[in-house]
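A structural walkthrough
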Amino acid sequence: MNNPQQVNAPKDQNVLSFMMQLRQERYGDEIEIEFLNQESDRLYDLFGNSLVDYFEPMLSEDQKMQFDQLVATSPDQEKLLEFLIANIPNLEQQILQVLIDFRTQYLSATKQ
């Protein structure tokens, strides 16, 4: 299953803002904006990969092929989301859980 982030689709501003807040929570408010933007983009991509890793086993081989074809022909996030909603039960709640787990892992990495 291809990651839609790799197709240069526009980034979801809500998720990107969350990543910026997460970055500030880890490093404080005194970080340079360029570093904040770079790291937020990196976290955004990591989160996208986490979503793919989490949801990929829930799709059949046929659905994975359909999703890959959809990504290749139309990387519009709304259409991708519609496809996933139709094929994965409780998608929104599951995305929130992946986001919470991602946040916990990221912030706990600073304490090690």
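As shown above, the structure is provided for reference.
Here goes a summary of the coordinates provided. (Residues numbered from 1 in each chain as written. Predicted model: local features only at pLDDT ≥ 70, side-chain atom pairs only at ≥ 80, totals over all residues. Heavy atoms only, no water.)

**Some remarks on the overall build of the protein chain**
Counted only if it meets this: Only DSSP runs of H or I covering at least 4 residues are called helices, and only runs of E covering at least 2 are called strands; the numbering of each starts at the N terminus. We call two residues contacting when some pair of their heavy atoms lies within 4.5 Å. Method for areas: the Shrake-Rupley scheme with a 1.4 Å probe, in which residue coverage is limited to the protein chains shown.
Within the protein chain one finds 5 helices and 0 strands. Overall, the protein chain shows an N-to-C arrangement of helices and strands of α-α-α-α-α. Counted over contacts in the protein chain with a minimum sequence separation of 6, partners at least 24 positions apart contribute 73%. Accessible area of the protein chain: about 7,300 Å², with a carbon and sulfur share of 49%.

**Concerning the nonpolar core**
Heads up, the condition is: Throughout, nonpolar core names a set of buried Ala, Val, Leu, Ile, Met, Phe, Trp, Tyr and Cys residues whose side chains join them through atoms within 4.5 Å. Here the term buried applies to any residue with accessible area under 20% of the maximum for its type, exposed to any over 50%, and partly exposed to those in between, with areas from a 1.4 Å probe on protein chains only.
In this structure, Met19, Leu22, Phe47, Phe67, Leu84, Ile88 and Phe102 are the most contacted members of the largest nonpolar core, which totals 21 residues. Contributing elements (two or more residues each) for this core: helix H1 (13-27), helix H2 (33-55), helix H3 (61-73), helix H4 (77-87) and helix H5 (91-108). Per element, the largest residue contribution to this core is 6 residues, and it comes from H5. Every residue in contact with Leu84, bar those within four places of it in the chain, is listed here: Leu59, Phe67 and Leu91.

**Some points on the pattern of salt bridges**
Two side chains bearing opposite charge may form a pair once their charged atoms approach each other closely. Selection criterion: The rule for a salt bridge is simple: a side-chain nitrogen of Lys or Arg has to be within 4 Å of a carboxyl oxygen of Asp or Glu.
Within the structure shown, the criterion is met by 4 salt bridges. The shortest N-O distance in the salt bridge between Arg23 and Glu39 comes to 3.1 Å. With Arg23 in helix H1 and Glu39 in helix H2, the pair connects residues that are 16 residues apart, well separated along the chain. Accessibility classification places Arg23 together with Glu39 in one group, the buried group. Among the salt bridges present, the one from Arg103 reaches Glu25, with a minimum N-O distance of 2.5 Å. Of this pair, Arg103 sits in helix H5 while Glu25 is found in helix H1, placing the two residues 78 residues apart along the sequence. Using a relative accessible area of 31% as the deciding quantity, one classes Arg103 as partly exposed. One continuous salt-bridge network, built from bridges that share partners, spans Arg23, Glu39 and Arg42.

**Focus on the packing of aromatic side chains**
Aromatic ring pairs: the centre-centre distance and the angle between the two ring planes describe each pair. Which entries qualify depends on this criterion: Working definition: rings of Phe, Tyr and Trp (its six-membered ring) pair if their centres are within 6.5 Å, and the pair is stacked with planes under 30 degrees apart, edge-to-face with planes over 60 apart, and tilted otherwise. Whether a charge lies above a ring is judged from NZ of Lys or CZ of Arg, which has to be within 6 Å of the ring centre and within 35 degrees of the ring normal.
Evaluated as defined, the whole model comprises 4 aromatic pairs. Plain terms: the ring middles of Tyr27 and Phe35 are 5.8 Å apart, the flat faces sit at 85° to each other, and that makes the pair edge-to-face. On the basis of relative accessible area, Phe35 is assigned to the partly exposed category, the value being 31%. Taking the centre distance of 5.8 Å and the plane angle of 45° together, the rings of Phe67 and Phe83 count as tilted. One end of the pair, Phe67, is in helix H3; the other, Phe83, is in helix H4, with 16 residues separating them in the sequence. As far as burial versus exposure is concerned, Phe67 and Phe83 are alike and both buried. Directly above the aromatic system of Tyr106 lies the positively charged group of Arg26, at a separation of 4.4 Å from the ring centroid.

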